[in-house]
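Single-letter residue listing:
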Amino acid sequence: MAEETIFSKIIRREIPADILYQDDLVTAFCDIAPKAPTHILIVPNHLIPTVNDVKSSDEKALGRMITVAAKLADEAGIADDGYRLVINCNKHGGQEVYHIHMHLLGGQYIGPLVASR
Ligand code: 5GP
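Residues numbered from 1 in each chain as written. Predicted model: local features only at pLDDT ≥ 70, side-chain atom pairs only at ≥ 80, totals over all residues. Heavy atoms only, no water.

Undergrad: I tried to follow the site of the ligand on my own but got confused; where do I start?
TA: Asp 31, Asn 88, Glu 96, His 101 and His 103 are the nearest of the 18 residues found near the ligand. Separating a nitrogen atom of the ligand from a backbone N or O atom of Ile 32 is a distance of 3.2 Å. Within the backbone of Glu 96, one N or O atom sits 2.6 Å away from an oxygen atom of the ligand. Put simply, the parts of the chain that give the shell around the ligand at least two residues each are α1 (6-11), β2 (26-30) and β3 (38-44). (Near = heavy atom within 4 Å. Polar contact = N/O pair within 3.5 Å; in protein donor to acceptor, adjacent residues only side chain to side chain. Helix = DSSP H or I, 4+ residues; strand = E, 2+ residues; numbered from the N terminus.)

The structure is reproduced here in structure tokens:
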């Protein structure tokens, strides 16, 4: 059984977060340490630790995460200029919180994806 993270407490509203959207499948809230003018995290309400743990039964929630990302990007006024959606996985991917989450980053030029070496 995977261990809950702080994100489960945010989803249950047990600790404060700037929640922008919530439904039966996903929750979206502002990142506490934004890396861009718009930096939103979109998470499934149920705990999936990493992309490696995804099952076909998770597809509805994962699909909803993208639908919600598009809606929030539109609401933030960054849809036309563009933005980046990122899901980090495990150590090499830079994952710090083991509750799968999609970063929505925008509001400035993000540029090409380059790995640091
Ligand atoms: P990761 O590196 O796992 O892909 O990203 C984790 C993200 O979660 C980081 O961008 C970090 O700033 C954010 N984060 C960590 N703890 C909290 C928290 O308690 N509240 C919020 N809103 N964001 C958090």
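Undergrad: Please clarify how the pattern of salt bridges should be interpreted in this entry.
TA: Oppositely charged side chains may form a pair once their charged atoms are brought near each other. Following the criterion strictly, the structure yields five salt bridges and no others. Residues Arg 12 and Glu 4 are paired through a salt bridge, measuring 2.9 Å at the closest nitrogen-oxygen approach. By relative accessible area, which is 42% here, Arg 12 ends up partly exposed. By relative accessible area, which is 43% here, Glu 4 ends up partly exposed. The salt bridge involving Lys 71 is made with Glu 75; its shortest N-O contact spans 2.7 Å. Of this pair, Lys 71 and Glu 75 both sit in helix α2 (residues 59-76), four residues apart, roughly one helical turn. When its relative accessible area of 37% is taken as the criterion, Lys 71 is described as partly exposed. Assessed through its relative accessible area of 52%, Glu 75 is described here as exposed. Linked by salt bridges that have partners in common, Glu 4, Arg 12 and Glu 14 make up one network. (Salt bridge = Lys/Arg side-chain N within 4 Å of Asp/Glu carboxyl O. Buried < 20%, exposed > 50% of the residue type's maximum accessible area, 1.4 Å probe, protein only.)

Undergrad: Teacher, can you tell me more about the side chain of His 101 here?
TA: Structurally, His 101 can be placed in the loop between α3 (90-93) and β5 (102-106). In terms of polar contacts, His 101 uses its side chain to reach the backbone carbonyl oxygen of His 99, at 2.7 Å. Setting aside anything within four residues of it in sequence, one finds His 101 in contact with Phe 7, Leu 41, Ile 42, Val 43, Met 65, Val 86, Ile 87 and Gln 95. (Contact = heavy atoms within 4.5 Å.)

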